[in-house]
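Notes for the structure review
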Amino acid sequence: MSVIKVENITKVYTETAVPVHALNGVSFEIQEGEFTAIVGPSGCGKTTLLNILGGLDHPTSGRVEISNIDITEMKDSDLINFRLNNIGFVFQAYNLIPVLTTLENVEFIMLLQKVDKKKRRKRSMDLLEQMGIAEKANQRPSELSGGQQQRVAVARALASKPNFILADEPTANLDSVSTSNLLDIMAVMNREEKETFIFSTHDQRVIDKARRVITLEDGRVKSDEIRE
Amino acid sequence: MYLTLAWRNIWRNKRRSFITIGSITFAVFLACIMRSMQLGSYERMIENAARFYTGYIQVHKNGFWDDKTIDNSFEYNKSLISKIENTPGVEVAVPRVESFALAAFGTKTKGAFVLGIAPEKEDQLTRVKDKLVEGSYLSKDDKSVMIAQGLAEYLKMGIGDTIILISQGYHGANAAGIYPVKGIMKFPIPDQNNQTVYLPLKEAQWFYNLENQLTSIALVVDKANHVEIIVADISVQLDTTALEVMGWYDLMPDLVQGIEIDNISGKVMLWILYSVIGFGMFGTYLMMTAERMYEFGVMMSVGMKRILMQFIIFIEMVMMTSIGVIMGVGISLPILIYYYNNPIFISGEAATAIENFGVEAAYFFSLQPSLFYNQAWAIFIMALILSLYPLIIIQNLKPVKAMREAI
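Residues numbered from 1 in each chain as written. Chains lettered and ligands numbered in written order. Predicted model: local features only at pLDDT ≥ 70, side-chain atom pairs only at ≥ 80, totals over all residues. Heavy atoms only, no water.

Glancing now at the pattern of salt bridges. Using the criterion set out here, one finds 25 salt bridges over all chains in the structure. The salt bridge partner of aspartate 70 of chain A is arginine 63 of chain A, with a shortest N-O separation of 3.1 Å. Judged by its relative accessible area of 33%, arginine 63 of chain A falls in the partly exposed class. Taking the shortest distance from any N to any O, the salt bridge between lysine 202 of chain B and aspartate 141 of chain B comes out at 3.6 Å. One end of the pair, lysine 202 of chain B, is in helix α7 (residues 201–207); the other, aspartate 141 of chain B, is in the loop between β5 (132–135) and β6 (145–148), and 61 residues separate them in sequence. Through salt bridges with shared partners, one network takes in Lys5, Glu7, Arg63, Glu65 and Asp70 of chain A. (Salt bridge = Lys/Arg side-chain N within 4 Å of Asp/Glu carboxyl O. Buried < 20%, exposed > 50% of the residue type's maximum accessible area, 1.4 Å probe, protein only. Helix = DSSP H or I, 4+ residues; strand = E, 2+ residues; numbered from the N terminus.)

A few words on the interface of chain B and chain A. With 22 residues of chain B at the contact, the number on the chain A side is 26 residues. Both sides together, the interface formed by chain B and chain A hides about 2200 Å², and carbon and sulfur atoms give 68% of it. Three residues stand out in chain B for area buried against chain A, namely Met1, Arg8 and Val302 of chain B, and they jointly supply 32% of the buried area on that side. Here chain B is connected to chain A by 2 salt bridges. The shortest N-O distance in the salt bridge between aspartate 76 of chain A and lysine 398 of chain B comes to 3.0 Å. Inspection of the region where chain B meets chain A yields 6 residue pairs in polar contact (both at pLDDT 80 or more). Listed by contribution, the elements that provide at least two residues to the side of chain B that touches chain A are α1 (2–12), α11 (293–301), α12 (306–341) and α16 (399–406) of chain B. Here the side of chain B that touches chain A is composed, by residue class, of 13 nonpolar, 3 polar and 6 charged. (Contact = heavy atoms within 4.5 Å. Buried area = accessible area lost by both parts, 1.4 Å probe. Polar contact = N/O pair within 3.5 Å; in protein donor to acceptor, adjacent residues only side chain to side chain. Nonpolar A, V, L, I, M, F, W, Y, C, P; charged D, E, K, R; others polar.)

Below, the discussion takes up the sheet that holds strand β3 (residues 35–39) of chain A. Residue and element names in this part refer to chain A. One open sheet holds the 6 strands; their spatial order is β6-β7-β8-β3-β9-β10, and the pairing between them is mixed. Whereas interior strands pair on both sides, the edge strands pair on one side only; in this sheet they are β6 (87–90) and β10 (220–226). For this sheet the average axis-to-axis angle between neighbouring strands, irrespective of direction, equals 20°. Across the sheet, helix α1 (residues 46–53) touches β3, β6, β7 (164–168), β8 (197–200) and β9 (212–217), and the angle it forms with β7 is around 150°. Where helix α2 (residues 76–86) meets the sheet, its contacts fall on β6 and β7, and the angle it forms with β6 comes to roughly 80°. (Pairing = 2+ DSSP bridges. Axes fitted to C-alpha atoms, helices over the stretch in contact; angles between N-to-C directions.)

In the predicted model, chain B carries a mean pLDDT of 87, and the fraction of residues at 70 or more is 98%. β6 of chain B holds the highest mean pLDDT among the elements of chain B, 95, whereas α16 of chain B holds the lowest, 74. (pLDDT = per-residue confidence, 0-100.)

With that out of the way, let us pick up the sheet that holds strand β4 (residues 61–66) of chain A. Sheets are built from strands paired through backbone hydrogen bonds, the pairs being either parallel or antiparallel. All names here are of chain A. Strand order in this open sheet of 4 strands is β2-β1-β4-β5, and the pairing throughout is antiparallel. The open sheet has two free edges, formed respectively by β2 (20–31) and β5 (69–70), since each of these has just one partner strand. By the bridge criterion, 9 bridges tie strand β1 (residues 2–13) to β2 in an arrangement that is antiparallel. Counted as the bridge partner of lysine 11 is leucine 23 from β2.

The next subject is unusual backbone geometry. All names here are of chain A. Of note in the backbone geometry, serine 67 takes a positive phi value of approximately 50° without being a glycine. Inspection of the secondary structure puts serine 67 in the loop between β4 and β5. Classification of serine 67 as partly exposed rests on a relative accessible area of 26%. Positive phi is not limited to glycine here, since lysine 114 has a value of about 65°. Examined against the element boundaries, lysine 114 turns out to sit in the loop between α3 (102–112) and α4 (117–130).

So, about the environment of leucine 166 of chain A. All names here are of chain A. Along the polypeptide, leucine 166 turns up in strand β7. Along the backbone, leucine 166 and threonine 36 are 130 residues apart, and their C-alpha atoms lie at a distance of 9.8 Å. Apart from residues lying up to four places away in sequence, leucine 166 is in contact with Leu50, Leu53, Gly54, Ile87, Gly88, Phe89, Val90 and Ile198.

Quick look at the structure:
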């Protein structure tokens, strides 16, 4: 089943003196349960593509359908709600809320979804256990290592039961051990829970783990490789 | 959790929060002190003026206030006095006969202001006994007078000398009398010190041929701010076609005007203070907004609605402002209570200069509850208006732009 359908999207930034064509006729589909890496050199349009897939930015032309819903024409206010219930985000800089504990950070998304307190506490603890950081539940992000913080970020992204998770350079700030641990956890979530992951990355270790690699160059899909 | 989040957000940058809370505390503290001094001086001026002569409320014949002649007098009866004295809030009703006479001693004469008083009641209103510098105070059956020091010096007379008073009595009757001087009083206001003569009420009524009549009844009330209500209560009970009931604000329009003008300048000073503090607070709000721009972008990316984010920021502002306001009032209150009970008295030449204007040389403080909640509200509302800035920023925030530009 297709989770994301991208049809011929272009993105032109006109704020600069010379218009910048960040994306130029990009099309692809992502199926449920995929573990996909979007790769390419700096400036190829990875982040722009991820922003558009995440409903954070609008394409100049083309369509993006998520679970058969066209998000390109959605109003900003509807997109916020759509993101909350359909998309999980993992950022390069973790972006946890510094004043909340690990558990509260994971709970927070469900609080926004108005999930009952008992249910959200239980799901948060379950996710932290799956991430192997349940013992850090009451610690603040500043007391955790980078790898641990990124695992909390993944737990937070999964907490809302999204259709897919968008991860923008999730391992860029991690050492090799933390990267390996994080990738293992995400691979397990993908294999066992059928969670769909889409990464933008430069990291060869992530690329090696991906089962599909979409390579962008100059705003176009250069290659789309599916691995078994 | 939203409240927890707002509370913890306040303390994530302690220095910034301390600066914000500190400026609010300082603003409230300074505003309360300034306003307390100003209102305290007004209260004292009103009290002094009311107790100096007019009373907080005065009852007199209709027309007397515009034409203060002895013919505009009214009958003094027990039913009238009991109606007035039984009105809630009235402490003492002080009967008076007021007119003018020519005072003479030896070869000197001078126009004098003659005041017929019930000695004990008059003292409860004007504390006139305290002004006595020589001799003794009048009793109600005396056939003698007390005169002001300036008049005594002009006429070159002292205790035991006999003063001659000549005037026109009720309905044109002749008024003449000879009275020994029983006491000499000193008043701070030169006009009063140079022309006042006190007679016992009965003797004044006899002198002016008034037959149990008064020119006015001055009232002492429990609280100055009850005057309007008491005036209304008394007016209902009396025949207002014959008698007029006036509050201190009608009796002393010059004082009211003076206070109003001074009050405006005080308020201008307060607004200058608010503005200075407001700019300081706005600076910290700008810093806070700039610091958290990335975070706002992230929050919105993960699905947090603008309104919810604005609510949390608003709660943060409300919490910080409340802490500042409570601290400001909390610090100023004990200081003001102390100075309310222990006014700051000025001494030396400055004191003499002030006293020459008939004003007590001291700083008095007020503890009117309104001065605290007015300052608290003013600062609170100002802080909340300033907090609109981050709320507007959030309203127009684009998550991608916020995250990109904040890096």
